[in-house]
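Single-letter residue listing:
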Amino acid sequence: MLTRPLLSQGAADATSKGSAPSGEAKIPPHLGVTQGLAGRRLSLPSRGPPRSTSAAQDGSLLGQPWYAGNCDRLAVERALLRFQKDGAYTVRPSSGPHRCQPLTLAVLLRGRVFNIPIRQLEGGGHYALGREGKSHEELFPSVAAMVQHYAKHPLPLVDRHSGGRELTCLLFPTKP
């Protein structure tokens, strides 16, 4: 794990429930995207989770008990809520076709599911948890290393509505 300071300050802690990624990413052709007038991209509704990001295709994820490579957000949230144990978690493909946020960590705490984006940093060599803009963030060489770290060290979960902050470790790998 590495820690690096970021130049931008003042963004909200990204480990909050939900994620609203910003910026434009290249959209894979399988998601039904067409090229519009003047070179603009027009997106059509997708029929399932994205499947062609390099992080999602990483062979090291496929055999993990916490990786749900073919599940969408709703299926993962239902499975975690059925499991009913704080610290239950799943890594799934992100809902949107965002190259820099290919995966999402879903964690159950006190009957609520927190969806935290997993960012693949430029160059693809490291991963970070949450949105960009934090003054300090922990970097990991792989998603598996990130999961192992937070299995032993508390993960801060921030309620984006109330600003309340709670901690939990990743305790129970869960697959829908």
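Preceding block: the structure.
First things first, this report covers the structure right here in the doc. Because the structure is a prediction, the values reported are computed rather than measured.

About the cut-offs
- Residues numbered from 1 in each chain as written.
- Predicted model: local features only at pLDDT ≥ 70, side-chain atom pairs only at ≥ 80, totals over all residues.
- Heavy atoms only, no water.
- Salt bridge = Lys/Arg side-chain N within 4 Å of Asp/Glu carboxyl O.
- Helix = DSSP H or I, 4+ residues; strand = E, 2+ residues; numbered from the N terminus.
- Buried < 20%, exposed > 50% of the residue type's maximum accessible area, 1.4 Å probe, protein only.
- Pairing = 2+ DSSP bridges.
- Contact = heavy atoms within 4.5 Å.

**Considering the pattern of salt bridges**
At step 1: Counted according to the given criterion, the structure contains four salt bridges.
At step 2: Of the charged contacts, one joins Glu77 and Arg73 as a salt bridge, the two residues approaching to 3.0 Å between their closest N and O atoms. Of the two residues, Glu77 and Arg73 are both situated in helix α3 (residues 73–83); the distance of four residues between them amounts to about one turn of the helix.
At step 3: For Glu77, a relative accessible area of 18% puts it in the buried group.
At step 4: Between Glu137 and Arg119 there is a salt bridge; the shortest N-O distance is 2.2 Å.

**Description of the pairing of strand β6 (residues 112–120)**
At step 1: Where burial is concerned, most of β6 is hidden: eight out of the nine residues are buried.
At step 2: What sits between strand β5 (residues 103–109) and β6 in their antiparallel hairpin is a turn of two residues, with Arg110 showing a positive phi close to 55°.
At step 3: Linking two consecutive strands that pair antiparallel, namely β6 and strand β7 (residues 127–129), is a turn of six residues; a positive phi of about 95° is found at Gly123 within it.

**Focus: the environment of Leu155**
At step 1: Mapped onto the elements of the fold, Leu155 is located in strand β9 (residues 155–158).
At step 2: The sequence separation of Leu155 and Leu167 amounts to 12 residues, and the corresponding C-alpha distance is 5.4 Å.
At step 3: Leu155 has contacts with Leu105, Val107, Ile116, Leu129, Tyr150, Glu166, Leu167, Thr168 and Leu170, leaving out every residue within four places of it along the chain.

That is the geometry; function is a separate question.
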